[in-house]
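Observations on chain architecture
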Amino acid sequence: MNLKDLLSPFFVWQRAFEKPYTTMRPIQDRPGAAAYRGFHINIAETCIGCGSCHTICQNEAIDMVAVAEFAGRPGDSGLRPRFDYGRCCWCALCVDICTASSLRMSNEYTWLTRDPTDYHFTAGVDETSWQENELGYRRAEGYRLFPEKRIEMEMLPAAESVNSFEEVVKGYSEEQAKKEADRCVECGICVATCPAHMDVPDYIHSIRDGDYEKGLQLMYRTNPFPATCGRICTRRCETVCPVGIDGEPVAIRWLKRFIVDQFEAKDYKRILADTITENGKKIAVIGAGPGGMSAAYYLRKKGYAVTVFESQESAGGMLRYGVPSYRLPDDDLDKDIDYIVSLGVEVKYNTVIGKDIKFEQLLENYDAVFMSTGLSVPSSMRIHGEDHARVLSGLQVLADVANGRDPGIGKKVAVIGGGNVAMDAARVSRRYGAEVTILYRRRISEMPADEEEIHESQEEGCSIVQQAIPVEIVKAESEQQVAIRWGEAEMVDDPKGGRPRPVLQEDRMHTDTYDCIISAIGQGSNLDYISKEMHEQLAIEWGKFTPGEYQHTTLEKIFVGGDFANRTADAISAIEDGHHAARGIDRYLNPAVYIETEQQVD
Amino acid sequence: MSTTTGHSADLDFPQPEPIDMASGKYVKIWQGPQHPGITGNMSLELVLDGDTIIDCKTHVGYLHRGFEKLMEHRTFIQNFTVVCRIAVPEPAFNEYLYAAALENLSGIEAPERAQWIRTLNLEMMRLASFMMWIGGMSAAFGLYTVPNWTTAYRDYVLDLFEEMTGGRIYHMYMVPGGVRAGLPAGFAKRIREVMDGADKLLDQVERVMFNNTVFKARTKGLGIITPDMIDPYGIVGPNARGCEITRDLRKDEPYLVYDQLDFDVVSGSDSDAYERSYLRLQETRQSIDLIRQCLDGMPGDGPFQADMPNMLHWQIPPGQTYVKAECTRGEYGYFMVTDGSEFVRRVHVRGPSYTHAIAVMERLAVGTNIADIAGLMVSLHTYPPEIER
């Protein structure tokens, strides 16, 4: 023992005069740190109810509950996360995974209530004192639990693509597809948004598992055109993909294409193993486009003898005659169609209803008729001089190209319109060596064409003149040429809140001469094959049908679908119309079975 | 070829003498599992001859929460929030090792900035843990002033953790691939302030606790660990370094950025309770120094998380790995097996308490006075939760 050790401990008294450490909680408030993981905040307006928070929560502390206020919002499940503070461990993984970045935490950490059920609350919907709290945990910039960027798709360079009809998009390799498939959060909002309600998360899952056969089987449940849709689908699914909110959406379309590309047409029979039990009933389908062939496929699977009447020499409709082969090669379209035909669907080519066979005959000879003849008549620009020989229709140009005929467009071309047909006609013209100008009445951002089509047409050297209104077609000096008089437009806001309207500025008129003018401002239907009387009975307005719940019409036996029977006029909607009509026809022909099962469901 | 059964025969493990409890000479008492001390929820079954312990059996299992098994049923990212709970006073080492194991198995490397931040975090953890331990050690010998100082000051370190990670105890900060966020603005300044205060506090602790006749009298010669025990008993960390074994993973197999930091392994000469305690005090000071070095050496910007696959269904290729780090009590390790699925096939957590609190404790307790048993256990610095994963 030494003296120092005996005395040294008495040093403690010195501390008696120091300020105490103790904080006066709860008398004095001690706020949590700026990034404290306190109580949850959800910006319910921004949240889309993807449920990733629910998936990642290891404590099952988050339930997705329906909130009436958000029901039916497009791209929104209508659900919002409800927290159970009896289970939560405040790890904030829900905040980290939140696709919409709507979920965060406040730095508030004390909450007293007499009613324990209060601790089940829907953040952002149920009132809480911390909802507006500006401090608390947020996902840091540069930290993400899934890759934000999609795997880049290899494309033919524009300098090359413009010289040939070779497919522009190269497709993913297996490794790329797996990486891209990994980005999916499996929320299913895409399923609700897809017109055909394709089972997107599951077929993407099958890519991750490497089980592509299962992927193909899943796709055929709702869509017998996967090779086609994997290339040219309007992919509304991707516009709502939550991964795209703060990053780039999952490349759903390319993944679909990847699955199909893993197989040759001859493998389909074995993989899909569709068995058909004939039921002895006959269905006529008019038009072998996506709608008609989709109906044929699903009807055939139910055992109907299906005959498809097609006016052209090949099936596919707009997919074959409207979509150029650099976007959808014929071989891939044939893959889809050949499989449908291989199930025993009879297609009568070069057969025009109303000319070769009367529509009434079909009604008489078949148990039901599905009409899906689409929009095949180019709309008129309704301007003077439109009937000039050098004014061509976009549809005609595309059909000529599809049939291997020279469209005869010359070297300097103007395309009128801003839809996909306009873009396709422009890009096809570039491939025939023409210098192309696209005239569109509104702004580029308002073009109805796919963004990528607009982008690619510009890449390929088409110049777009926006806010240009065609006024008159004028004769040019040479008969091989044509001139167009057009005026610049100003965009004027609609006082009723509609989209801005282009207004012609008469003092800013131009006249340009071209070798031809391709008009592509829209299409109408050709319903010459039905009688006037029937026309009235079917309540057709502006050449379009408004079908009932089961794609049925006001007349017995007649079902409709496709571009002339829906508002979106794209392939995937036509496919769903066909699928749905198949259900409708089956229900119509076997009411007893359906009524029984529907009652059971009730 | 020889077969190994249990331990090797030539090791000097004391063989229990049969104790005739019916003779009336002995009394059996239990310390724990309900014991108000940081010995925690485990119990010692002690046989006393007078007030001298002649036999000690350890009993564990009161804290068993089945973490290792639980982890086999949760996705990799979900386990990230589980592992911190394995050693309550030192969650960060679990976080780091879990992340490191996954990074090893999946071939991902955390960015440099994340490595510096992780090192800083681990040293702050060491500081906080030692602060609490100093309190426990002095309290075990009746010095109740020091625990009030150090556990209170530890709260300032927890404040730093709160600011850095969003949580005071369970930080859940070292996510696979990096860390969850960079350092908040002005954070370095606040760390330095707290470190300056800690320096001062540790000087005071040394005067009051270590230069103290009573403490010295009771701890010197208590629970001596001899160098020949080190390997047979698997003794690591300060307990081993107390007897001139200079093993420290930070030096021997540097991980994170320890190879860029300047420090020497602290060791003692005679591993009794006093030596081990004093060694820990020095390591606490060393931690403060390392924290300052981290602040000086850390890159100011750059990514703090590697590009990661989708955590919702992260699959890791089949493989196995063992990762280790020097925690306050020595080698902490994670052995992990993956099978290519979204779940870990097997995790084994190796905590130093497993050997220190069971085999070592049973041996050192024999011959000890009953009044020193709590102090002996604290001097081994054990955490029962990590015995029972």
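Above this text you will find the structure in question.
The rules behind each value
The numbers attached to residues start from 1 for each chain and follow its sequence in the written order. Labels follow written order: the first chain is A, the first ligand is 1, and so on. This being a predicted model, a pLDDT of at least 70 is required before a residue's local features are given, and a value of 80 or more before pairs of side-chain atoms are given or counted; all residues contribute to the totals for chains, interfaces and linings. Heavy atoms throughout the structure, all of them, feed into the side-chain values; hydrogens and water do not. Here, nonpolar core means buried Ala, Val, Leu, Ile, Met, Phe, Trp, Tyr and Cys residues that are tied together by side-chain atoms lying within 4.5 Å of each other. Here the term buried applies to any residue with accessible area under 20% of the maximum for its type, exposed to any over 50%, and partly exposed to those in between, with areas from a 1.4 Å probe on protein chains only. For helices the rule is a DSSP run of H or I covering at least 4 residues; for strands it is a run of E covering at least 2, with both sets numbered from the N terminus onward. We call two residues contacting when some pair of their heavy atoms lies within 4.5 Å. Here the quantity called buried area is the accessible surface, traced with a 1.4 Å probe, that two parts lose on coming together, added over both. Within this document, salt bridges are pairs made up of a side-chain nitrogen of Lys or Arg and a carboxyl oxygen of Asp or Glu, the two lying within 4 Å of each other. Counted as a polar contact is a pair of N or O atoms within 3.5 Å, where, for protein atoms, one must be capable of donating a hydrogen and the other of accepting one, and residues adjacent in sequence contribute only when both atoms are in side chains. The nonpolar class holds Ala, Val, Leu, Ile, Met, Phe, Trp, Tyr, Cys and Pro. Asp, Glu, Lys and Arg form the charged class, and all remaining residues, Gly among them, are polar. Pairing between strands is defined by DSSP: at least two bridges between them are needed. In this description, a line fitted to the C-alpha atoms serves as the axis of each element, helices being fitted only across the stretch in contact, and the angle between N-to-C directions of two axes falls anywhere from 0 to 180 degrees.

Turning our attention to the nonpolar core. Counting residues in each nonpolar core, the largest one holds 223 residues, and the members touching the most others are L216 of chain A together with Y334 of chain B. Element by element, the count of residues in this core is highest for helix α4 (residues 112-140) of chain B, at 13 residues. Those residues within four positions of L216 of chain A in sequence are excluded, and the remaining contacts are I259, V260, F263, Y268, I271 and L272 of chain A. Grouped together as the second largest cluster of nonpolar side chains are 29 residues, L398, V428, I438 and M447 of chain A included.

Attention now moves to the interface of chain B and chain A. Listed per partner, the contact involves 41 residues of chain B and 47 residues of chain A. On the chain B side of the contact with chain A, R180, L312 and H313 of chain B bury the most area, a combined 19% of that side's loss. Along the contact surface separating chain B from chain A lie four salt bridges. Between R30 of chain A and D159 of chain B there is a salt bridge whose closest N-O contact spans 3.1 Å. On inspection of chain B and its partner chain A, the count reaches 26 residue pairs in polar contact (both at pLDDT 80 or more). Elements that contribute at least two residues to the side of chain B that touches chain A include exactly α2 (76-79), α5 (145-165), α6 (187-210) and α7 (213-219) of chain B. Per-element tally for the side of chain B that touches chain A: the top contributor is α5 of chain B, with nine residues. Looking at side-chain class alone, the side of chain B that touches chain A contains 18 nonpolar, 14 polar and nine charged residues.

This next bit is on the pairing of strand β3 (residues 79-84) of chain A. Here strand β2 (residues 62-66) of chain A pairs with β3 of chain A via five bridges, running antiparallel. Bridging from a neighbouring strand, A66 of chain A pairs with L79 of chain A of β3 of chain A.

Before going further, it helps to examine the sheet that holds strand β1 (residues 27-31) of chain B. Backbone hydrogen bonds hold the strands of a sheet together, and the pairing may be parallel or antiparallel. Residues and elements named next belong to chain B. Strands sit in the order β1-β2-β3 across an open sheet of three strands; the sheet is antiparallel. Edge positions in the sheet fall to β1 and β3 (52-59), since each has one partner strand and no second. Each strand axis lies, on average, 25° off the axis of its neighbour in the sheet, ignoring direction. Pairing between strand β2 (residues 43-49) and β3: seven bridges, direction antiparallel. The partner of E45 across the bridge, within β3, is K57.

Another aspect to go through is helix α7 (residues 200-209) of chain A. All names here are of chain A. Within α7, seven of the ten residues are buried, which leaves it mostly tucked inside the rest of the structure. Turning to α7, its buried residues are V200, P201, Y203, I204, S206, I207 and R208. For α7, the elements touching its buried residues are α5 (174-182), α6 (189-193), α8 (212-222) and α11 (252-261). At the C-terminal side of α7, G210 shows a positive phi close to 75°.

Residue and element names in this part refer to chain A. Strand order in this open sheet of five strands is β11-β18-β12-β13-β14, and the pairing throughout is parallel. Both edges of this open sheet fall to β11 (391-393) and β14 (463-465), since each of them pairs with a single strand only. On average, each strand axis in the sheet is tilted by 25° relative to the strand beside it, whichever way the strands run. Across four bridges, the pairing between strand β12 (residues 412-416) and strand β18 (residues 516-519) is parallel. Note that in β18 the partner of V415 across the bridge is I518. Contacts from helix α18 (residues 420-431) reach β12, β13 (435-439) and β18, with the element oriented near 165° to β13.

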